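# Remarks on the overall topology
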Amino acid sequence: MRAYKAFNEDLTCTMGRGTFQYKEGKRYKEDSAKCARTGFHCTNNPLDTLMYYPNMDKAVYYMVEAGGDINEDGADSRISCTEIELLQKLDMEMFVYHALHYMIKHPKRKTNELYVQREEGK
């Protein structure tokens, strides 16, 4: 499944066991997936990556392929998976495009109100 993941600028991120280094074009595998504990974490909604890497000047954002066993815990759209591959780095324009596409496709889903404000037009 397609999902989104944020990293430090050098493609590292923290895991339960410390820092993990990713590389483009490589598929990674873990033994188990449980949100907030094991596996590779990513989100279905690109905007939810901002909860984990909010400074867009010091982070990079990717569309990823999440596979294997997938675990969801209901904390935003976060998932954990046993397989992951970085597919495409998203610049600001593409990040916004994917975020808007997600919101249009899922208009009733709860959004993170820290980063998304909904208003009603009259």
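Residues numbered from 1 in each chain as written. Predicted model: local features only at pLDDT ≥ 70, side-chain atom pairs only at ≥ 80, totals over all residues. Heavy atoms only, no water.

## What to know about the nonpolar core
The nonpolar side chains of a soluble globular protein tend to be buried with one another. Core analysis: the largest hydrophobic core is formed by 27 residues, its most contacted members being Phe7, Tyr22, Cys42 and Ile84. Of all the elements, strand 6 (residues 59-72) adds the most residues to this core, at 7 residues. (Core = buried A, V, L, I, M, F, W, Y, C linked by side-chain atoms within 4.5 Å. Buried < 20%, exposed > 50% of the residue type's maximum accessible area, 1.4 Å probe, protein only. Helix = DSSP H or I, 4+ residues; strand = E, 2+ residues; numbered from the N terminus.)

## Here we look at the pattern of salt bridges
In total, this model carries 4 salt bridges according to the counting rule given. With a closest N to O distance of 2.9 Å, Arg2 and Glu65 form a salt bridge. One end of the pair, Arg2, is in strand 1 (residues 2-8); the other, Glu65, is in strand 6, with 63 residues separating them in the sequence. Judged by relative accessible area, Glu65 falls into the partly exposed class, the value being 22%. A salt bridge links Glu85 to Arg27; the shortest N-O distance between them is 3.6 Å. Residue Glu85 is located in strand 7 (residues 78-90), and its partner Arg27 is located in strand 4 (residues 27-29); the two are separated by 58 residues in the primary sequence. (Salt bridge = Lys/Arg side-chain N within 4 Å of Asp/Glu carboxyl O.)

## A short note on the pairing of strand 7
Two faces belong to every sheet, and in a regular strand the side chains alternate between them. The pairing of strand 4 with strand 7 spans 3 bridges and is classified as antiparallel. Residue Tyr28 lies in a different strand from strand 7, and its bridge partner there is Ile84. Here strand 5 (residues 40-43) runs beside strand 7; their pairing, made up of 4 bridges, is antiparallel. For Thr43, the partnering residue across the bridge sits in strand 7 and is Arg78. For strand 6 and strand 7, the ladder comprises 10 bridges, and the chain directions are antiparallel. (Pairing = 2+ DSSP bridges.)

## Topic: the packing of aromatic side chains
As enumerated under the stated definition, the model contains 9 aromatic pairs in all. With 5.2 Å between their ring centres and 75° between their planes, Tyr22 and Tyr28 make a pair best called edge-to-face. Tyr22 gets classed as buried once you look at its relative accessible area, which sits at 1%. Here the aromatic cluster, defined as three or more aromatic residues joined through ring pairs, consists of Phe7, Phe20, Tyr22, Tyr28, Phe40 and Tyr62. (Phe/Tyr/Trp six-rings, centres within 6.5 Å; stacked < 30°, edge-to-face > 60°.)

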